[in-house]
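Spelled out from the first residue to the last, the chains are:
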Amino acid sequence: MSTADVIVIGAGIVGAAVAHRAATRGLKVVLLERDVPGRQGSGTTAGNVHIQTIHTRRPGQQVPVDVRRLLPLQRAARERWETWEEEIGAVGFRRCGGLMVAETPQQLEDLHRKHLWEREMGIATEVLDAEQARSALPLLSSAVIGATWCGWDGFADPALVTPTLVRHAIGAGAVLRVNTRVHALHRTDGGWFVQAGDEVWSAPAVVNAAGPWIGEISGLAGAPVDMSPTALQMHTLVAGGLALPYVVAHVGEGLSVKQTDDGQIMVGGGWPAGPMGPDGQADARQSSIEANLGQVRRILPAIGARPLDRVWTGPLAACADEMPVVGEVSRTPGMFVVGGTYSFTFAPLWGDLVADLVMGIETVLEISDLGPDRLLAGGTGQDDGTGQDDGTGQDDGAG
């Protein structure tokens with residue numbers, strides 16, 4: 001049996017950020033990954049860094065996001081993204097600025113309301129009327145009657161961020177195991193035993209950053225978190241000489257459009273793919289392709305006229321209430337959970353805050369309301385100390 005100070009399960013962007021921060025603070029870290037780092041959700045996301053208020057629902061989402069609650073987190077995440085490249089090296093971060101557009105009077109009211117919230121939180125946004133919006137971005141159609149501008153919005157390269165974090169975590173002393181699924185978690189008086197692959201590790205703290213498999217891993221620990229993993233899809237268009245300098249999003253609909261460094265136009269917004277398999281894979285849905293690209297033709301007609309280049313899917317770790325989850329599970333001390341909504345944006349912040357929690361340091365932001373206890377399946381179910389739950393958790397080897 002090998003020992004560590006903290007075992008991090010999941011080497012996506014969030015788990016890698018936690019492992020990196022914990023290792024640089026001198027903790028002995030083991031990072032366990034069921035596949036290879038960044039291949040699942042972290043590698044298939046659009047890579048947007050959302051600092052202004054986001055839309056409340058992705059297509060098909062039943063529960064709205066409490067967007068006002070996220071603003072202090074977005075403000076703090078912005079500050080971390082600004083310094084992250086200096087700390088870990090190039091991750092393709094571009095603070096290009098973003099426009100969030102409105103098409104209806106109600107959506108325009110929403111823009112003004114969110115602008116007030118952002119101003120209260122110290123996030124710099126500006127409300128533009130239709131003429132000002134099209135002056136800022138002539139590609140916008142006449143359907144746009146207003147927009148908010150935030151110069152702090154941007155994006156990073158998903159293919160660079162996670163591998164870079166993992167590499168720096170290893171450089172700081174972390175141990176990485178790839179293609180290693182977690183099969184069992186057992187709590188003892190001194191901490192946790194984690195069986196992963198052919199190895200058994202012991203540590204006083206475990207961080208469950210397993211993305212779409214958070215619920216399954218938490219079930220192994222005897223405290224199943226209610227998650228709703230799903231698969232979303234992304235699309236790219238051939239730019240054909242068009243230049244889109246900003247990220248464009250929609251205040252009332254799931255839409256995100258930007259131009260990557262290689263010139264392609266990336267289109268997303270949370271449109272659903274087919275059912276997600278146990279390996280995180282899913283087929284693309286033609287209806288989502290048509291609907292998402294239809295939005296682009298309506299908002300950015302010159303871009304919407306460009307040919308479709310590529311479609312792909314990726315898993316998303318969604319909490320039942322569509323909010324992030326970060327904190328310690330009270331009935332299984334030493335077990336921390338982190339993930340959920342906008343994990344890419346929040347990753348550098350989660351790395352810092354979870355490392356604080358593991359080390360017993362008071363966090364600089366109030367996050368107690370985002371803890372995993374609110375999502376525990378069965379609510380008042382008790383852990384018997386064996387690491388086994390009350391029958392609702394499944395051990396399928398996910399990790």
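Residues numbered from 1 in each chain as written. Predicted model: local features only at pLDDT ≥ 70, side-chain atom pairs only at ≥ 80, totals over all residues. Heavy atoms only, no water.

Describing the sheet that holds strand E12 (residues 199-203)
Read across the open sheet, the 4 strands follow the order E1-E12-E11-E10; overall the sheet is mixed. The open sheet terminates on both sides in strands that have one partner only, identified here as strand E1 (2-3) and strand E10 (182-188). Examined bridge by bridge, E1 and E12 share 2 bridges and lie parallel to one another. Of the residues in E12, the one forming a bridge with serine 2 is tryptophan 201. (Pairing = 2+ DSSP bridges. Helix = DSSP H or I, 4+ residues; strand = E, 2+ residues; numbered from the N terminus.)

Quick notes on the environment of alanine 174
As for its placement among the helices and strands, alanine 174 is situated in the loop between helix H6 (158-171) and strand E9 (175-177). The spacing of alanine 174 and valine 30 is 144 residues in sequence and 5.7 Å in space, taken between C-alpha atoms. Contacts of alanine 174, omitting those with residues within four sequence positions, involve Ala23, Val29 and Ala169. (Contact = heavy atoms within 4.5 Å.)

Considering unusual backbone geometry
Phi is positive for glutamate 322, which is not a glycine, with a value near 65 degrees. Secondary-structure assignment places glutamate 322 in the loop between strand E18 (308-316) and strand E19 (325-328). Residue classification places glutamate 322 among the buried positions, given a relative accessible area of 8%. (Buried < 20%, exposed > 50% of the residue type's maximum accessible area, 1.4 Å probe, protein only.)

Comments concerning the sheet that holds E9
The 6 strands lie next to each other as E9-E3-E2-E13-E20-E19, forming an open sheet whose pairing is mixed. Taken across any chain shown, the strands that pair with only one partner, and hence form the sheet edges, are E9 and E19. For this sheet, the mean inter-axis angle between neighbouring strands, taken without regard to orientation, is 15 degrees. Of the strand pairs in this sheet, strand E3 (residues 29-32) and E9 are connected by 3 bridges, and their pairing is parallel. Each bridged residue has a counterpart across the sheet, and for valine 30 the counterpart in E9 is valine 175. Against the sheet, helix H1 (residues 13-24) engages strand E2 (6-9), E3, strand E13 (205-208) and strand E20 (335-339), with an angle of about 170 degrees to E3. With respect to the sheet, helix H10 (residues 343-359) is in contact with E2, E13, E19 and E20, its orientation differing from that of E20 by roughly 165 degrees. (Axes fitted to C-alpha atoms, helices over the stretch in contact; angles between N-to-C directions.)

Comments concerning the nonpolar core
Counting 56 residues, the largest nonpolar core has Val29, Leu73, Trp81, Val161, Val207 and Trp350 as its most contacted members. Mapped by element, the contributors of at least two residues to this core are E2, H1, E3, helix H3 (67-88), H6, E13, E20 and H10. Among the elements that make up this core, the one with the highest residue count is H3 (9 residues). Leave out the neighbours within four places in its chain, and valine 207 touches Val6, Ile7, Val8, Ile9, Val18, Phe336, Val338, Val354 and Val358. Residues Leu185, Trp192, Ile214 and Ile217 belong to the second largest nonpolar core, which totals 30 residues. (Core = buried A, V, L, I, M, F, W, Y, C linked by side-chain atoms within 4.5 Å.)

Notes on the side chain of glutamate 103
Note that glutamate 103 resides in the loop between strand E5 (98-102) and helix H4 (105-120). Reaching out from glutamate 103, the side chain makes a polar contact with the side chain of arginine 298 at a distance of 2.7 Å. Sequence-distant contacts of glutamate 103, defined by excluding residues within four places in its chain, comprise Ala143, Ile145, His250, Glu253, Arg298 and Ile299. (Polar contact = N/O pair within 3.5 Å; in protein donor to acceptor, adjacent residues only side chain to side chain.)

Concerning the confidence of the model for the chain
Detail in the predicted coordinates should be disregarded across regions flagged by low pLDDT. Mean pLDDT over the chain stands at 91; residues scoring 70 or higher make up 94%. Low pLDDT, under 50, characterises residues 380-399; the stretch is placed with 48 contacts to residues that sit more than four places away or in other chains. (pLDDT = per-residue confidence, 0-100.)

As for the pattern of salt bridges
Evaluation of the coordinates by the stated rule reveals 18 salt bridges. Aspartate 369 is the salt-bridge partner of arginine 69, the closest N and O atoms lying 2.8 Å from each other. You can see arginine 69 sitting in helix H3 and its partner aspartate 369 sitting in the segment after H10, a full 300 residues away along the chain. When its relative accessible area of 17% is taken as the criterion, arginine 69 is described as buried. Arginine 94 is the salt-bridge partner of aspartate 261, the closest N and O atoms lying 2.9 Å from each other. Highlighted residues: aspartate 261 in the loop between strand E16 (256-259) and strand E17 (265-268) and arginine 94 in the loop between H3 and E5, separated in sequence by 167 residues. Judged by its relative accessible area of 58%, aspartate 261 falls in the exposed class. Beyond isolated ion pairs, a larger network of salt bridges with shared partners links Arg21, Arg80, Glu87 and Asp352. (Salt bridge = Lys/Arg side-chain N within 4 Å of Asp/Glu carboxyl O.)

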